[in-house]
Amino acid sequence: YYGGCGRTASTLFRAVSGADWSPFAAAMSATSPIWAWVWVIYVFLTMFGVLNVFIAVIVDLLRQPTVSAEALRLQNEQEEAQAIAKVFISHLQAEIDAGDEPMMCQRTFDEIVHKKIVLERLRDYGIDMSSLGSVFHLIDVERTDCVA
């Protein structure tokens, strides 16, 4: 079983690939009991490593659909948020265009946002009404308390 490097490699491969490895171990233990323990440790560690790789491949294959589904869900949420923002901005733009002033200040924004139709539309989209005060500050990038 152990006549040279090639034969030894073949024996080691057959031992961990499902062949009966007791004759291989018997040949090792005839040399020394220490080599029998080395043989058992080799088989154990090799089988543990192969099993670990096998399980990793299975886990990765099972995880890929979940990652794809999560990425799709996040993309859908982002597209929905962009659609909501467009509707909200179009309502604001219509209110600005209907008004006398070319600029909209914080007070005008609050009046528009608290109109019944706008509140209903925002609730339909699931927007938290308590965060609307900070929305104006996001729009007002120049910090002038008015936006055009």
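Counting from 1, residues in each chain are numbered in the order their sequence is written. Local features in this predicted model are restricted to residues of pLDDT 70 or higher, and side-chain atom pairs are both shown and tallied only at a pLDDT of 80 or more, whereas totals for entire chains, interfaces and linings draw on every residue. Only heavy atoms go into the side-chain values, all of them from the structure, while hydrogens and water stay out.

Let's talk about the packing of aromatic side chains
- Centre distance within 6.5 Å is the pairing criterion for rings of Phe, Tyr and Trp, where only the six-membered ring of Trp is used; planes under 30 degrees apart are then read as stacked, over 60 as edge-to-face, and the remainder as tilted. The tally for this structure, following the rule as stated, stands at 3 aromatic pairs.
- When the ring of Trp39 is compared with that of Tyr42, the centres are 5.9 Å apart and the planes differ by 45°; the resulting orientation is tilted. Of the two residues, Trp39 and Tyr42 both sit in helix H3 (residues 33-98), 3 residues apart, roughly one turn of that helix.
- Throughout, exposure labels follow a simple rule: accessible area from a 1.4 Å probe, protein chains only, divided by the maximum for the residue type, with under 20% read as buried, over 50% as exposed, and the rest as partly exposed. Given the relative accessible area of 3%, Trp39 is considered buried.
- Centroid distance Phe44 to Phe48: 6.4 Å. Interplanar angle 20°. Geometry classified as stacked. Here Phe44 pairs with Phe48, and both are found in helix H3, just 4 residues apart, close to one helical turn. By definition, any uninterrupted DSSP run of H or I lasting at least four residues is a helix, any uninterrupted run of E lasting at least two residues is a strand, and each is numbered from the N terminus.

Let's talk about the pattern of salt bridges
- What counts as a salt bridge is simple: a side-chain nitrogen of Lys or Arg found within 4 Å of a carboxyl oxygen of Asp or Glu. The final tally for this structure, using the stated rule, is 2 salt bridges.
- With its nearest N and O atoms 3.6 Å apart, the salt bridge here joins Asp60 to Arg63. Here Arg63 and Asp60 lie together in helix H3, a separation of 3 residues that amounts to about one turn.

Here's the deal with a nonpolar patch on the surface
- Within this analysis, patches are made of residues with over 30% relative accessible area and no salt bridge. Like charges are joined at 9 Å or less; nonpolar side chains (Val, Leu, Ile, Met, Phe, Trp, Tyr) at 5 Å or less. Here, Shrake-Rupley sampling with a 1.4 Å probe gives the accessible areas, and only protein chains in the shown set may cover a residue. Together, Trp21, Trp37, Val40, Ile41, Phe44, Leu45 and Phe48 give the surface a local cluster of nonpolar side chains, amounting to about 780 Å² of exposed area.
- Among the structural elements, Leu45 can be located in helix H3.

Some words on the nonpolar core
- The term nonpolar core refers to a set of buried residues drawn from Ala, Val, Leu, Ile, Met, Phe, Trp, Tyr and Cys, joined through side-chain atoms within 4.5 Å. Membership of the largest hydrophobic core is limited to 7 residues, which are Met104, Phe109, Ile112, Val113, Val118, Leu122 and Val147.
- Elements that contribute at least two residues to this core include exactly helix H4 (106-113) and helix H5 (116-124).
- With 3 residues, the single largest contributor to this core is H4.

Overview of H4
- Every buried residue belonging to H4 is among Phe109, Ile112 and Val113, and all of these are buried. End-on, the buried residues of H4 take up no more than an arc of 95°, which puts them together on one face. As used here, the arc is the angular range of directions from the helix axis to the C-beta atoms.

As for the confidence of the model for the protein chain
- By definition, pLDDT measures how confident the predictor is in each residue, and it falls between 0 and 100. Looking at the protein chain, pLDDT values average 78 and 82% of them are 70 or higher.
- Ranking the helices and strands of the protein chain by mean pLDDT puts helix H1 (residues 5-16) first, with 84, and helix H6 (residues 132-139) last, with 66.

Some thoughts on H1
- What a helix should span is 1.5 Å times the count of its residues minus one. When the terminal C-alpha atoms of H1 are compared, their 17 Å separation across 12 residues agrees well with the 16 Å that a helix rising 1.5 Å per residue should span.
- Taken residue by residue, H1 has Thr11, Ala15 and Val16 as its buried positions. For H1, the arc enclosing every buried residue in end-on projection is 120°, short of the 170-degree limit, so these residues lie on one face. In this structure, H1 carries Gly6 and Phe13 as exposed residues pointing more than 90 degrees from its buried face.
- A positive backbone phi angle near 110° is found at Gly18, which sits one or two residues after H1.

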